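# Per-entry structural report
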Amino acid sequence: MFEPFREYLEKQLFSRFDLRSRSIPPGLDYQVSDRGKNPATIQSWCYQCPELRKIRYTYIEAGETAQVFNSVIYPSHCYDLPLLGIDFLSFGQKKILVVLDFQPLFRDRKYLEKYIEPMRSIRDKYNDLAQNLEMKFYDANQYFSKYLLFAKTDSQTVVNRLFPAYREYVELYWQLLERATPLTDPEDIQRIVKAQKDYDQYSADRDPASGLFSSYFGHEWAERFLYEFLFEDAVPLA
Ligand code: BLA
């Protein structure tokens, strides 16, 4: 279902950046579930380059029952850019949920003007994918922008609308990165280190996928996956 999205991202990354593999802890890069009726696999990829300190994406494949493409791109600590966040989920034809955003690290006017306003024209073009759905797990005002794509949709729309929207958002993200000037003051950089770490903690503690990971791969594996790979700068809750 979302394989073309993964391929597109991969091709973009490899053609634009000087990527190096970034290690994934043993056992977390690939796993097969022996539980449930449908065999499920989860595979992850992780890279880095001078501009982007962590690029990770994950594909869950459980046939008709579940297909998920999830990704977060963390810019280098010398860029205050939002994180590129992608979460596309399909649980059979009836339930498809897509979320795509530049996840802001700060919320002051100047920051939003610089990094979020540029999304507006794309978001307006794809109004049908921005449905103002209520968030149950996350606070919409925390690490989400007002121009996120967030929709319950169908497979036709995924192909005809989401794919072009995705390409435009990703393209814009590269542009913002190209235009960004690296921070040099260690204090400014520390502020980004802290903000990205806070993002990891917030996200790991609330991840709505935790139950899904546990049900397929067991609780212990799920906790490791969350705190050692997806959001590795977070510490597990006591
Ligand atoms: C919701 N994301 C979800 C849900 C699951 C995942 C299972 C709940 C769907 C439901 O309502 O039934 C899945 N989350 C994952 C997976 C991973 C993960 C598989 O982290 C990791 C491999 N989530 C993100 C990112 C964004 C994001 C980067 O990981 C940003 C674009 C958004 N996911 C997001 C939002 C919701 C969601 C906004 C709805 C949550 C809510 O209602 O509060």
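Structure: above.
Keep in mind that what you see is a predicted model, and the values were worked out from it rather than measured. (Residues numbered from 1 in each chain as written. Predicted model: local features only at pLDDT ≥ 70, side-chain atom pairs only at ≥ 80, totals over all residues. Heavy atoms only, no water.)

### Examining the packing of helix H6 (residues 210-217) against helix H7 (residues 219-230)
Where H6 meets H7, the axes come as close as 7 Å, and the angle between the chain directions of the two elements is 130°. Considered as vectors, H6 and H7 are oriented oblique to each other. Both H6 and H7 take part in a crossing whose hand is right-handed. Contacts from Ser-210, Phe-213, Ser-214 and Phe-217 in H6 reach His-219, Trp-221, Ala-222, Phe-225, Leu-226 and Leu-230 in H7. (Axes fitted to C-alpha atoms, helices over the stretch in contact; angles between N-to-C directions. Helix = DSSP H or I, 4+ residues; strand = E, 2+ residues; numbered from the N terminus. Parallel < 35°, antiparallel > 145°, perpendicular 65-115°, else oblique. Left-handed = near helix turned anticlockwise from the far one by under 90°. Contact = heavy atoms within 4.5 Å.)

### Some thoughts on the side chain of Asp-200
For Asp-200, the position within the fold is in helix H5 (residues 186-206). Lacking a salt bridge, the buried Asp-200 has Lys-54 as its closest oppositely charged neighbour, with an N-O distance of 5.0 Å. Here the side chain of Asp-200 touches Asp-233 through a polar contact of 3.0 Å, landing on its backbone nitrogen. (Buried < 20%, exposed > 50% of the residue type's maximum accessible area, 1.4 Å probe, protein only. Lys, Arg positive; Asp, Glu negative; His and termini not counted. Salt bridge = Lys/Arg side-chain N within 4 Å of Asp/Glu carboxyl O. Polar contact = N/O pair within 3.5 Å; in protein donor to acceptor, adjacent residues only side chain to side chain.)

### With respect to the pairing of strand S4 (residues 52-62)
By the criterion of burial, S4 is predominantly enclosed, with 10 of the 11 residues buried. The pairing of strand S3 (residues 40-48) with S4 spans seven bridges and is classified as antiparallel. Counted as the bridge partner of Gln-43 is Tyr-59 from S4. In textbook terms, the turn of a hairpin is the stretch between consecutive antiparallel strands, and for S3 and S4 this stretch comprises three residues. Judged from the 10 bridges that link them, S4 and strand S5 (residues 66-75) form a sheet pairing that is antiparallel. (Pairing = 2+ DSSP bridges.)

### Remarks on the packing of helix H1 (residues 3-16) against helix H4 (residues 155-179)
With their axes 11 Å apart at the nearest point, H1 and H4 run at an angle of 20° to one another. Between H1 and H4, the angle is such that the two are roughly parallel. Remark: the crossing between H1 and H4 carries right-handed chirality. Residue-level contacts link Pro-4, Phe-5, Tyr-8, Leu-9, Gln-12, Leu-13 and Arg-16 of H1 to Val-158, Leu-162, Phe-163, Tyr-166, Arg-167, Val-170, Glu-171, Trp-174 and Glu-178 of H4. Among the residues forming the contact of H1 with H4, the class breakdown is 11 nonpolar, one polar and four charged. (Nonpolar A, V, L, I, M, F, W, Y, C, P; charged D, E, K, R; others polar.)

### Concerning the environment of Glu-64
Tracing the backbone shows Glu-64 in the loop between S4 and S5. Taking the C-alpha atoms as reference points, Glu-64 and Asp-34, separated by 30 residues in sequence, lie 16 Å from one another. Discounting chain neighbours no more than four positions away, the residues touching Glu-64 are Phe-91, Gly-92 and Gln-93.

### Considering the nonpolar core
Counting residues in each nonpolar core, the largest one holds 83 residues, and the members touching the most others are Leu-13, Phe-69, Phe-88 and Tyr-166. A per-element tally of this core places H4 first, with 12 residues. Each residue touching Phe-88, except ones within four places of it in the same chain, is listed here: Phe-2, Phe-5, Gln-67, Val-68, Phe-69, Leu-97, Val-98, Val-99, Leu-100, Leu-162 and Tyr-166. One finds Val-99, Phe-144, Leu-148 and Phe-150 within the second-largest nonpolar core, a separate group that totals five residues. (Core = buried A, V, L, I, M, F, W, Y, C linked by side-chain atoms within 4.5 Å.)

### Some remarks on the pattern of salt bridges
For the coordinates displayed, the defined rule picks out 14 salt bridges. Its salt-bridge partner being Asp-124, residue Arg-120 comes within 3.8 Å of it at the nearest N-O pair. Residue Arg-120 and its partner Asp-124 are located together in helix H3 (residues 120-125), separated by four residues, close to a single helical turn.

### A short note on the side chain of Gln-67
Looking at where Gln-67 falls in the secondary structure, it is placed in strand S5. When its relative accessible area of 11% is taken as the criterion, Gln-67 is described as buried. A distance of 3.0 Å separates the side chain of Gln-67 from the side chain of Tyr-59, its partner in a polar contact. Not counting chain neighbours up to four residues away, the residues in contact with Gln-67 comprise Met-1, Phe-2, Tyr-59, Ile-60, Glu-61, Phe-88, Leu-89 and Ser-90.

### Considering the site of the ligand
The environment of the ligand is formed by 26 residues, the closest being Asp-87, Lys-95, Lys-136, Phe-137 and Asp-207. Within the backbone of Phe-137, an N or O atom sits 2.5 Å from an oxygen atom of the ligand. Take Asp-207: an N or O atom from its side chain is 2.6 Å from an oxygen atom of the ligand. Look at the ligand: alone it shows 850 Å² of surface, and the protein chains cover 94% of it. (Near = heavy atom within 4 Å. Areas by Shrake-Rupley, 256 points an atom, 1.4 Å probe, with all protein chains shown as cover.)

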